[in-house]
Amino acid sequence: MKLTLAALATTMMVATPALADLIVPNMSYRTGPYAANGIPYADGFADYFTLLNERDGGIGGQMVRVPECETAYNTEKGVECYESLRTQNPLVLNPLSTGITYQLIPRISQDGIPLYTPGYGRTSAKDGSVFEWVFNAPANYWDGASVAVKHILEQEGGDLSGKKIALVYHNSAYGKEPIRTLEELSEKHGFELNLLPVDAPGQEQKSQWLQIRRDRPDYVIMYAWGVMNQVAIQEAVNIRFPMDKFIGIWWSGSENDVRAAGAGADGYKALTFHGVGRDYPLYDDLQQYVYDAGKAAGAGDQAGSVLYSRGAYAALVIAEAIAKAQELAGTSEITPAQMRDGFEALEITAERMAELGLPDFGAPIALSCQNHGGDGLARVQQWNAGEGTWSLITDFIEPDAEILDPLVQEDSAAYAAEAGLTARCN
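So, here's what we can say about the structure. (Residues numbered from 1 in each chain as written. Predicted model: local features only at pLDDT ≥ 70, side-chain atom pairs only at ≥ 80, totals over all residues. Heavy atoms only, no water.)

Observations regarding the pairing of strand β7 (residues 164–170)
- Of all seven residues that make up β7, six are buried, and the element is covered over most of its length.
- Strand direction decides the pairing type here: β7 and strand β8 (residues 192–198), joined by seven bridges, are parallel. Opposite Leu167, over in β8, you have Leu195 as the bridge partner.
- Both β7 and strand β9 (residues 219–223) contribute to a ladder of five bridges, which runs parallel. Following the sheet pairing, Tyr169 is matched in β9 by Tyr223. (Buried < 20%, exposed > 50% of the residue type's maximum accessible area, 1.4 Å probe, protein only. Helix = DSSP H or I, 4+ residues; strand = E, 2+ residues; numbered from the N terminus. Pairing = 2+ DSSP bridges.)

Structure representation (structure tokens):
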């Protein structure tokens, strides 16, 4: 009996299984004390993949599915999310928490699932010879500390002898990350370093800022998150600390951090590893395919904000690594191990960023088996309270490799010895 064309088509559909979705979870925190920062990042992350699905039909012909799991920026909940998500065969995880990252590194190394921690996490994971499954390009916490000091050096005519720099930091694994780097830079450049920890969530800081008023440091560097940023900036305003000498890491440089202080925050600086605002062609596509189509992850009021753009940038890097992995593997249905290979062969040039609709948005990224962190370049942005906008005031600044490379090697070697790992990439 001959099959009709319709029956034949049905038979072929049954006989040929549909391609599996690419699973890229969104480990978010839309609740808890850090929700104001977590929401825009999660929205940007999800919306970029929605754009790829709606405009391009996914990546390599496969749709991207972005299951979301709420961590509340809580390490225990983050580990619970991991245990739940890993059963869905994710290609990569981006937990957006240094505490969660530290807990997941042994697990993902055993399970063979890449971890992408852009601008956060364990800094020495830049050493891919030890941290096979962790990637932290385009920059890490130690890069940020070095770039901040380089900017201060430029402001001071290249001489920091006798100057005082205070570090106000979140009293957690995250906040403590830059201390060793700043200590080494202090010895190299001759400035005095004062350490001022602030316990989470950071609403009580009066004693720290009274100490700053008493000690009168020339500059303050801040590694904070969530409400701690807002409180610190307001306390700095209260003691009339000059805002142009107050520099936050990139997690202390969103609109949420400065608006509460009003005109007093004018001139505050923060590091960033990407562009500002929404004056990029990518946002035209997001408007057409995501926002106007009613497919945005959030209320649509975060587009172009610092943390929304950072979430979208993280998704972009992951998407480019997926495409590279598909190319290397010769198949669109890649495994987490092939995803790791894609990351290690990843190259995002300035020309490619322009093709993706983000010209001059981020520095070029080139990774390898040995280098999982890129070049660590960052820029300085400054807040204009009158206009309610950030402006980039420097080009990309290269961190001090003379200081940082030995620190990365020392810390990664210590981890390898502790975990019983043998260095790879030989």
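Picking up after the structure, the text goes on.
A few points about the side chain of Asp127
- As for its placement among the helices and strands, Asp127 is situated in the loop between β5 (115–116) and β6 (134–135).
- Buried and unpaired, Asp127 has Arg424 as its nearest opposite-charge partner, separated by 7.7 Å.
- Aside from chain neighbours lying at most four places away, what touches Asp127 is Gln370, Val408 and Ser412. (Lys, Arg positive; Asp, Glu negative; His and termini not counted. Salt bridge = Lys/Arg side-chain N within 4 Å of Asp/Glu carboxyl O. Contact = heavy atoms within 4.5 Å.)

Details of helix α7 (residues 179–189)
- Those residues of α7 that fall on the buried side of the exposure criterion are Ile179, Thr181, Leu182, Leu185, Ser186 and His189. Mapping the buried residues of α7 onto a view down its axis gives an arc of 155°, with all of them on the same face.
- Those residues of α7 that are buried lie in contact with α5 (141–155), β7, α6 (173–176), β8, β9 and α15 (401–419).
- Once α7 ends, the next one or two residues include Gly190, with phi positive near 80°. (Arc of directions from axis to C-beta.)

What to know about the state of the cysteines
- Under the definition given, this model contains two disulfides.
- Shown here is the disulfide that connects Cys369 with Cys425, its sulfur atoms set 2.0 Å apart. Measuring handedness by torsion sign, the sulfur bridge of Cys369 and Cys425 sits at about -80° and is left-handed. You can see Cys369 sitting in the loop between β13 (365–366) and β14 (379–384) and its partner Cys425 sitting in the segment after α15, a full 56 residues away along the chain.
- For Cys425, a relative accessible area of 31% corresponds to the partly exposed category.
- If one numbers only the bonded cysteines of the protein chain, in the order they occur, the disulfide pattern is 1-2, 3-4. (Disulfide = S-S within 2.5 Å.)

Description of the sheet that holds β8
- What the seven strands build is an open sheet, ordered β8-β7-β9-β10-β11-β14-β15; its pairing is mixed. Pairing within the sheet leaves two strands with one partner each, and these edge strands are β8 and β15 (389–392). The average undirected angle you get between the axes of adjacent strands in this sheet is 25°.
- In this fold α5 packs onto β7, β9, β10 (246–248), β11 (269–272) and β14, with an angle of close to 165° to the strand it touches most, β9. (Axes fitted to C-alpha atoms, helices over the stretch in contact; angles between N-to-C directions.)

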